[in-house]
Amino acid sequence: MALSPGTRLGPYEVTGALGAGGMGEVYRASDSRLGRQVAIKILPQGFASNAERMARFSREAQVLAALNHSSIAHVYGLEESDGTRALVMELVEGPTLAERIAQGPLPLDEALRIAKQIAEALEYAHERGIIHRDLKPANVKVTPEGNVKILDFGLAKALDESPAAANINTSPTISMAATHAGLILGTAAYMSPEQARGKTVDRRTDIWAFGAVSYEMLSRKQAFEGEDTSQVMAAVIMKEPDWTQLPAEVPSAIRGLVQRCLTKDPVQRLQAIGEARITLDRALSGSTEEGAVTALPPMPVWRRALPWALVAVLILLVGALSFAFWERWGSATTARQLMRLSVELGAADASLYAGPGSALAISPDGTVLAFTARSGPQWSLYLRRLDQSDATVVAGSEGARDPFFSPDGQWVAFFTADKLKKVSVAGGAAMTLCDAPGSRGGAWAEDDNIVFAPTSSGGGLMQISAAGGTPSELTKLDEKAGETSHRWPQVLSHSSAVIFTSNMSGRNFQDADVAAVSLKTGQRKIVQHGGMFAHFLPAAAGRGAYLLYVHENTIFAAPFDAERLEITGTPIPVVEGVSTTSATGSAEYALSPSGTLVYVPGRDLGAGQYIVWIDKDGKAEIARKEPGYYANIRVSPDGKRMAMEMNSSGSVDIWVYEPQRDIMSRITFGTGESSYPVWTPDAQRITFSSNRDTKSASNLYWQRADGTGDAERLTESKFQQNPLSWHPSGKFLAFSEQRPQTGFDILILPMEGTESSGWKRGKPFDFVVEPGNQSEAAFSPDGHWLAYTSNESGRAEVYVRPFPGPGGKWQVSTDGGRFPTWSRKSNELFYEEAGENGRIMSVKYGATGTFFQPEKPDEWTSATVGGATGPYRRYDVMPDGQRLAALKTTILS
């Protein structure tokens, strides 16, 4: 029963409530004898009425009262009045560490000072044989003077049922009171693995908690998270913290200290908290002397996030999973018995599709990998046998995405911007099956029907014969329940049912449901809350059936009854660090019935990228706080606006951002996709590529930059075209065209006229037609030179040649390069270096007549533009040449 102000417990008068938790209610009270303010913790009635437990608690309280340290809240004694029993403790003013972390990032020195005081308090208690057992930010107070006071020291053991017990059912973390929302996760996240398993604990469980608290202070993120207790505890036992969340300024010795504290095996963990105190002392004093705690060996590559990168070969991980191990998974040791094999795509100068859905599919027998990639402006479908080194592009698959195999492995179906198609693995023309504008996934059933989500704008699933025809409705949204979308279907074996992702209005797909519909009865049910992008693994010799799904970049697997459409066991995390897009509910992985899993390591791309400023000193600052699916950023000639393409609600259009007013305006409207914006020299118009009138190959258009008037078509071609750069005179537009015989070539479109007199288009003529793909051209500020990208050497490099010619050509980049951009203030040429990081390089140059002399490339800034998705332009140079406008999934370099 709650105590009201004025209630007396012996000499103590209650003046107000302070809070409640799993170990009792806490009140502020006045001590009439000593004239001081105290905190009174009322013990739970069921505990206080147990004479044996109270007797032991009294003995433990006497030990706790003997603790006398400046960073430990003092225990004054026990008090009993009218059957109410309470522990009287020191009243500590100030916020808890949890509240302090929630207020904003802690400066590094402040975090280290707090960590040092916690370590000193733990060291003092451990030397006296006392373990806290429930250390967490909510149990640490930070006074206005910056002093630390640890609360509830030793109460976890004092309140336990038996002196030797460390039972998970009686841990304060899992107490009945702690089941209230907001309490259980905050405590379970700091339990050591041995504590979570209910094993005997010692001082190393405090060292683990100290590491978790330190990680959270440094990163503002919990080291182990989840939606419920089981997920949090599974993360504690199975997962590693995301070490990339620790800021770059964290010293290596501190990074190593936190890693050692959070080592799951207590034998390998930091053995004495005094070592932490020494390391923190040295870090705060700036000492570099040896003896600090060293970091663990680097995580293997497969455990680190691999950003989308413009590289000639992108690395995938192919896990030939021995699912028989799943039958006995119960520890991190057996979980590591996965066999992992790194493979290359085998497609030169190609990078994976980066958008909603998955670029990957694996044949039913696990021998053939299908993936969507591009070596130029257009996506295509590639096939690669895993026992061969090269991939082959599938003819007629332009614009392909979200591939999936037929059950016999002889066909691959895929989506384009508005169609569902299929093509034979053996070759031949692609066949159109039906319309599917903005689709969200499909699956091929054994009865030769295809189930698919036809649109990104919401709606149920459809099905169609693999021979084509008219689609029929399979599922309807439950509008009363608030359903907004059914997507990413997978057909169970024997075509008995379909599993899919179901989402509700206002929910991120991290909170979506995995649902199932029986193809026999039409009955629907929810299979798993808090999951997306599910796959089914049928039972086979030596293993049962499993359902796989994704939650927070991790693939989970759960035993699954395909007849009852029910999960029959506890989901287990299988693969961490999978590239996902929670805004659309998709993930980059595929699974074959034979048990082969392919996936792309990465992170949750969430709501897209941020528009950021990057200066020469490496400082990155957010320009627009709201992220989006941006690509191909281009700064206006006066530097006041930025044009870019943005995918909004499944529609790709050109938008203009004005940083001074923080306003984003849509410029293009209509059907089809509009992309690759390029400003005219007077900034009056934006040129772009669109398939609005062709529904296939995109041609060139332009539109007034203020959004008025209609878009005007500039070219008509059956081939894909993209604008690249306007000559400073405004009389020539360089653009690329994809031709079947030569690949991408650079052409010039002559233009005559003015805005007032009108414009007259000339006939395009070839300018750079050579072996390989030539693209990403840029005219120099004086109009005498054209820089462009070519892969004639086998990888993308930046070249320069005179305009309009004749003359030679000069290679500018030395280690791969794309997206050349000229400085308007100095003889300097920028480009993005090939590689996953996105380093921006600059080359100073001299030019005389038709002779161009580049110097050695240098890194222009320590910050990078890596992390934005797709093979798109991720940066542009501001007119003053002093900073970049860039697209990044994070502002960290």
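Just so you know, the residues in each chain are numbered from 1, in the order the chain's sequence is written. Predicted model: local features are reported for residues with pLDDT of at least 70 only, side-chain atom pairs are reported and counted for 80 or more only, and whole-chain, interface and lining totals are derived from all residues. Working from all heavy atoms in the structure, the side-chain values ignore hydrogens and water.

Colleague: Please clarify how the overall build of the protein chain should be interpreted in this entry.
Modeller: A run of H or I in DSSP counts as a helix once it spans at least four residues, and a run of E counts as a strand once it spans at least two, with each numbered from the N terminus. A tally of helices and strands in the protein chain yields 12 helices and 61 strands. Burial classification: accessible surface area is computed with a 1.4 Å probe over protein chains only, and a residue below 20% of its type maximum counts as buried, one above 50% as exposed, and the rest as partly exposed. Looking at the protein chain as a whole, 57% of its 893 residues qualify as buried. Throughout, a residue-residue contact means that at least one pair of heavy atoms, one from each residue, lies within 4.5 Å. In the protein chain, the proportion of contacts linking residues at least 24 apart, taken out of those at least 6 apart, comes to 49%. Accessible surface is estimated by sampling points in the Shrake-Rupley manner with a 1.4 Å probe; for residues, cover comes only from the protein chains shown. Carbon and sulfur atoms make up 49% of the accessible area of the protein chain, which amounts to about 36,100 Å² in all.

Colleague: Just checking my understanding: could you explain the sheet that holds strand β27 (residues 524-529) for this structure?
Modeller: Strand-to-strand pairing in sheets goes through backbone hydrogen bonds, with the strands running parallel or antiparallel. Here, a strand pair is defined by DSSP locating no fewer than two bridges between the strands. Pairing is antiparallel in the open sheet, where 4 strands are placed in the order β24-β25-β26-β27. For this open sheet the edge positions go to β24 (483-491) and β27, each flanked by a neighbour on one side alone. Across the sheet, the axes of successive neighbouring strands diverge by a mean angle of 30°, strand direction being ignored. Inspection of the sheet shows strand β25 (residues 497-504) paired to strand β26 (residues 513-518) by 6 bridges, in the antiparallel sense. Bridge assignment links valine 498 to a residue of β26, and that residue is valine 517. Note on definitions: angles span 0 to 180 degrees between N-to-C directions of axes, and those axes are lines fitted to C-alpha atoms, for helices only across the stretch in contact.

Colleague: Can you walk me through the packing of aromatic side chains in this structure?
Modeller: The relation between two aromatic rings is expressed through the spacing of the ring centres and the mutual angle of the planes. The rule is short: rings of Phe, Tyr and Trp, with Trp giving its six-membered ring, pair when the centres are within 6.5 Å, and they are stacked under 30 degrees, edge-to-face over 60, tilted in between. This structure, assessed with the given rule, holds 24 aromatic pairs. Ring geometry for tryptophan 810 against phenylalanine 852: centres 6.2 Å apart, planes inclined by 50°, an arrangement best described as tilted. Taken as a pair, tryptophan 810 in strand β54 (residues 810-811) and phenylalanine 852 in strand β58 (residues 851-854) lie far apart in primary sequence, 42 residues in all. Looking at phenylalanine 852, the relative accessible area reads 1%, which means it is buried. By the criterion adopted, a ring carries a charge over it if an Arg CZ or a Lys NZ lies within 6 Å of its centre and within 35 degrees of its normal. Looking at arginine 128, its charged tip hangs above the ring of tyrosine 124, at a distance of 3.7 Å from the centre. The positively charged end of arginine 692 is found above the aromatic ring belonging to tyrosine 701, 5.7 Å away from the centroid.

Colleague: What am I meant to see in the environment of alanine 481 here?
Modeller: Looking at where alanine 481 falls in the secondary structure, it is placed in the loop between β23 (472-473) and β24. Judged by its relative accessible area of 42%, alanine 481 is partly exposed. Between the alpha carbons of alanine 481 and methionine 504 there is a distance of 7.7 Å; along the sequence they are 23 residues apart.

Colleague: Looking at this structure, how should I read the side chain of glutamate 645?
Modeller: Mapped onto the elements, glutamate 645 comes out in strand β39 (residues 642-648). Polar side-chain contacts of glutamate 645 include one of 2.7 Å to the side chain of asparagine 632. The residues touching glutamate 645, leaving out its near neighbours within four places in the chain, are Tyr629, Tyr630, Ala631, Asn632, Val652, Asp653, Ile654, Ser674, Ser675, Tyr676, Pro677 and Tyr872. Whenever two N or O atoms come within 3.5 Å, that pair is a polar contact, provided that in protein one can donate a hydrogen and the other can accept it, and provided that, for residues adjacent in sequence, both atoms are side-chain atoms.

Colleague: Can you walk me through the sheet that holds strand β51 (residues 774-779) in this structure?
Modeller: Reading across from one edge, β51-β52-β53-β54 is the order of the 4 strands in this open sheet, with antiparallel pairing throughout. Looking at the sheet topology across the chains shown, the edges are occupied by β51 and β54. In the sheet, strand β52 (residues 785-790) pairs with strand β53 (residues 797-802) via 6 bridges, with the strands oriented antiparallel. Bridging across to β53, threonine 789 finds its partner in valine 798.

Colleague: Honestly, the pattern of salt bridges in this entry has me stumped. Any pointers?
Modeller: If charged atoms from side chains of opposite charge come close, those side chains can pair. Any Lys or Arg side-chain nitrogen located within 4 Å of an Asp or Glu carboxyl oxygen qualifies as a salt bridge. Summed over all chains, the structure comprises 41 salt bridges. For glutamate 770, the salt bridge goes to arginine 801, with nearest N and O atoms at 2.8 Å. Here glutamate 770, found in the loop between β50 (765-768) and β51, pairs with arginine 801, found in strand β53; they are 31 residues apart in sequence, far enough to count as distant. Through salt bridges with shared partners, one network takes in Lys525, Asp561, Arg564 and Glu566.

Colleague: Can you walk me through a negative patch on the surface in this structure?
Modeller: The grouping of Glu225, Glu227, Asp511 and Glu552 at the surface amounts to a negative patch. Position of glutamate 552 relative to the elements: it lies in the loop between β29 (546-551) and β30 (554-561). Each patch is built from residues that are more than 30% exposed by relative accessible area and take part in no salt bridge. Like charges join if they lie within 9 Å; nonpolar side chains (Val, Leu, Ile, Met, Phe, Trp, Tyr) join within 5 Å. Within this scheme the basic residues Lys and Arg register as positive and the acidic residues Asp and Glu register as negative, but His and the chain ends are omitted. Note on charges: their place is set at NZ of Lys, CZ of Arg, CG of Asp or CD of Glu.

Colleague: I'm lost on helix α10 (residues 252-261) in this one. Help?
Modeller: Because an α-helix completes one turn every 3.6 residues, residues spaced three or four positions apart along the sequence face the same direction. Taken together, the buried positions of α10 are Ile254, Gly256, Leu257, Val258, Gln259 and Cys261. Buried residues along α10 sit in contact with α4 (108-126), α8 (203-219) and α11 (273-285).

Colleague: Just to check I follow, could you spell out the confidence of the model for the protein chain for this structure?
Modeller: A low pLDDT score tells you not to read the predicted coordinates there in detail. Scored from 0 to 100, pLDDT reflects the predictor's confidence in each residue. Of the residues in the protein chain, 81% have a pLDDT of 70 or more, and the chain-wide mean is 80. Below pLDDT 50 for its whole length, residues 158-186 participates in 63 contacts with residues either more than four positions away or in separate chains. This model gives residues 288-343 a pLDDT under 50, and the stretch forms 145 contacts once residues within four places in sequence are excluded.

Colleague: I tried to follow the packing of α10 against α11 on my own but got confused; where do I start?
Modeller: Angle between the axes and distance between the axes: these two values describe a pair of packed helices. Interhelical geometry of α10 versus α11 gives an angle of 160° and a closest axis separation of 10 Å. By the angle between their axes, α10 is roughly antiparallel relative to α11. Crossing hand, α10 versus α11: left-handed. Contact residues: α10 offers Ala253, Ile254 and Leu257, while α11 offers Ala276, Thr279, Leu280 and Ala283. In the scheme used here, Gly and all other residues not listed as nonpolar or charged are polar, with Ala, Val, Leu, Ile, Met, Phe, Trp, Tyr, Cys and Pro taken as nonpolar and Asp, Glu, Lys and Arg as charged. Residues that form the contact of α10 with α11 fall into these classes: 6 nonpolar, 1 polar and no charged. For classification, angles of less than 35 degrees are called roughly parallel, those exceeding 145 degrees roughly antiparallel, those between 65 and 115 degrees roughly perpendicular, and all remaining angles oblique. For a crossing to be left-handed, the near helix must be turned anticlockwise from the far one by less than a right angle; the clockwise case is right-handed.

Colleague: Can you walk me through the pairing of strand β17 (residues 411-415) in this structure?
Modeller: Regular strands place side chains that alternate from one sheet face to the opposite one. In terms of burial, β17 is largely enclosed, as 4 of its 5 residues are buried. The hairpin formed by strand β16 (residues 401-405) and β17 contains 5 residues between the paired strands, and glycine 409 there has a positive phi angle of roughly 75°. Linking two consecutive strands that pair antiparallel, namely β17 and strand β18 (residues 419-424), is a turn of 3 residues.

Colleague: Any chance you could explain the side chain of aspartate 876 here in plain terms?
Modeller: By the secondary structure assignment, aspartate 876 is in strand β60 (residues 875-877). Those residues within four positions of aspartate 876 in sequence are excluded, and the remaining contacts are Ile633, Arg634, Val635, Thr821, Leu884 and Ala885.

Colleague: Please explain unusual backbone geometry as it appears in this structure.
Modeller: Excluding glycine, residues mostly have negative phi values, and the peptide bonds linking residues are mostly trans. Phenylalanine 803 connects to proline 804 through a cis peptide bond whose omega is 5°. Cis peptide bonds are those with omega within 30 degrees of zero, and the linkage from glycine 805 to proline 806 qualifies with 0°. Among the secondary structure elements, proline 806 is positioned in the loop between β53 and β54. At aspartate 662, a residue that is not glycine, the phi angle is positive and equals roughly 55°. Locating aspartate 662 in the fold gives a position in the loop between β40 (651-658) and β41 (663-666).

Colleague: Please explain the packing of α4 against α11 as it appears in this structure.
Modeller: The N-to-C vectors of α4 and α11 enclose an angle of 150°; their axes lie 8 Å apart at closest approach. Classified by the interaxial angle, the pair formed by α4 and α11 is roughly antiparallel. For the element pair α4 and α11, the recorded crossing hand is left-handed. Contacts from Asp109, Leu112, Arg113, Ala115, Lys116, Ala119, Glu120, Leu122, Glu123 and His126 of α4 reach α11 at Ile273, Gly274, Arg277, Leu280, Asp281, Ala283 and Leu284. Here the residues of the contact of α4 with α11 sort into 8 nonpolar, 2 polar and 7 charged.

Colleague: What is the right way to read the environment of lysine 149 from this model?
Modeller: Relative to the helices and strands, lysine 149 resides in strand β8 (residues 148-150). Spatially, the C-alpha atom of lysine 149 lies 8.6 Å from that of alanine 121, the residues being 28 residues apart in sequence. Separated by 3.1 Å, the side chain of lysine 149 and the backbone oxygen of serine 70 make a polar contact. A polar atom in the side chain of lysine 149 sits 3.2 Å from the side chain of glutamate 90.

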